[in-house]
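# What the coordinates show
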Amino acid sequence: MRIFQYEQVVSHWTLQMLKTEVEFFNEHMDRNAWIGLFDEPDNPIEQFILDSYDFHFSDKCNNVVGFEWWIHVVEKSNHMILFHADHDEHLRVEKDEMKYPMLGTCLYLDDDSNPTIFLDTQQTSVYEKQLEPFPPTNAVFSYADEGKFLVYDPTYIHGILPGSDKQITLWYNVWSYKPNNLERVGVSRPLIERPTYKMKEIKEPVLYLGKTVSLGIDVHQRPITLKGPHGAKSMGSLWKVSQ
């Protein structure tokens, strides 16, 4: 599967500053936001997006126009992120057509034992209900660790099941065009001292061979049985489990 992670890419101090910003924006924004590739950042989150893209991906991506970004602050154990593929929401609603970003990322800002789950089931068609393969043949379980930077193919179906005590994450997608519903967040905050990014080794999913547990879930209103790790080391892990 096209998914990998870097361990902590910036300092603990920078992570704490970004966590403060995410908690601020959790109270002051109600939609995904946009930052163009050549825009000047208005706040530390936009600053991180532009800097991290330039450091990690600028030599690997062509025809990039900008970035869609959003945050998740899961504060109650019964909250979940429904399974989905990242896509142009406005185009889906207005024209019943699916288009997808080039790349997806997630920065974990604390530790939590509840994983983000990626299925090898993908949406790559213009038709929303076309899922392949279905049911999934593999799943990757990404466990939070403060500072972990996850990179993934945004066409993979992914989500977070209930069970988090509190999980704070910052996400951005890389786009080759600007979706019509996305605008700058329009909130200025003091920028932080430009962090030094750490070149870390890419870590790909590790095949999990231990004991598994099964759970019935719905993906686009279609039931599947999901197998996941049971009793394994979790924090920071990226386990691949055959289904």
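In this report, the structure presented in the accompanying data block is examined. What you see is a predicted model, and the numbers here were worked out from it, not measured in a lab. (Residues numbered from 1 in each chain as written. Predicted model: local features only at pLDDT ≥ 70, side-chain atom pairs only at ≥ 80, totals over all residues. Heavy atoms only, no water.)

## Re the sheet that holds strand β14 (residues 238-242)
The six strands are arranged β4-β9-β6-β7-β14-β11 in an open sheet whose pairing can be described as mixed. Of all strands in the sheet, those bounded by a partner on one side alone are β4 (81-84) and β11 (206-207). Relative to strand β9 (residues 156-160), β4 runs antiparallel, the two being bridged by two bridges. Note on β9: the bridge partner recorded for His84 is His158. (Pairing = 2+ DSSP bridges. Helix = DSSP H or I, 4+ residues; strand = E, 2+ residues; numbered from the N terminus.)

## What to know about the state of the cysteines
The full count for this structure, using the stated rule, is zero disulfides. Of all cysteine sulfurs, the one in Cys61 lies closest to Cys106, which takes part in no disulfide; the gap is 17 Å. (Disulfide = S-S within 2.5 Å.)

## Focus on the pattern of salt bridges
Counted by the stated rule, this structure contains 13 salt bridges. Where Glu46 meets Arg184, a salt bridge forms, and the shortest distance between an N and an O atom there is 2.9 Å. Here Glu46, found in helix α2 (residues 44-56), pairs with Arg184, found in the loop between β10 (167-175) and β11; they are 138 residues apart in sequence, far enough to count as distant. Among the residues examined, Glu46 registers a relative accessible area of 0% and is labelled buried. Arg184 gets classed as partly exposed once you look at its relative accessible area, which sits at 24%. Linking Lys166 and Glu75 is a salt bridge whose minimum nitrogen-to-oxygen distance equals 4.0 Å. Of this pair, Lys166 sits in the loop between β9 and β10 while Glu75 is found in the loop between β3 (66-74) and β4, placing the two residues 91 residues apart along the sequence. Accessibility expressed as a relative area gives 46% for Glu75, which makes it partly exposed. Residues participating in the shared-partner salt-bridge network are Asp39, Asp42, Glu46 and Arg184. (Salt bridge = Lys/Arg side-chain N within 4 Å of Asp/Glu carboxyl O. Buried < 20%, exposed > 50% of the residue type's maximum accessible area, 1.4 Å probe, protein only.)

## Re helix α1 (residues 12-28)
Over its 17 residues, α1 extends 25 Å from the first C-alpha to the last, a length consistent with the 24 Å expected when each residue adds 1.5 Å. The complete set of buried residues in α1 reads Thr14, Leu15, Leu18, Glu21, Val22 and Phe25. All buried residues of α1 lie within an arc of 120° about the axis, which places them on one face of the element. Buried residues along α1 sit against α2, β3, β5 (103-108) and β10. (Expected span 1.5 Å × (residues − 1). Arc of directions from axis to C-beta. Contact = heavy atoms within 4.5 Å.)

## What about the side chain of Ser125?
Its location among the elements puts Ser125 in the loop between β6 (116-122) and β7 (138-142). Within polar-contact distance, the side chain of Ser125 engages the backbone nitrogen of Tyr127 at 3.0 Å. A polar contact of 3.2 Å, which involves the side chain of Ser125, links it to the side chain of Gln130. Not counting the four nearest positions on each side in its chain, Ser125 is found in contact with Met98, Tyr100 and Gln130. (Polar contact = N/O pair within 3.5 Å; in protein donor to acceptor, adjacent residues only side chain to side chain.)

## Some thoughts on the nonpolar core
Among the nonpolar cores identified, the biggest contains 33 residues, and Phe48, Phe67, Trp69, Leu170 and Tyr172 are the most heavily contacted of them. Here Phe48 is in contact with Leu18, Leu107, Phe149, Leu170, Tyr172 and Tyr197, once residues within four sequence places are set aside. Ile117, Tyr143, Leu226 and Trp239 belong to the second largest nonpolar core, which has 17 residues in total. (Core = buried A, V, L, I, M, F, W, Y, C linked by side-chain atoms within 4.5 Å.)

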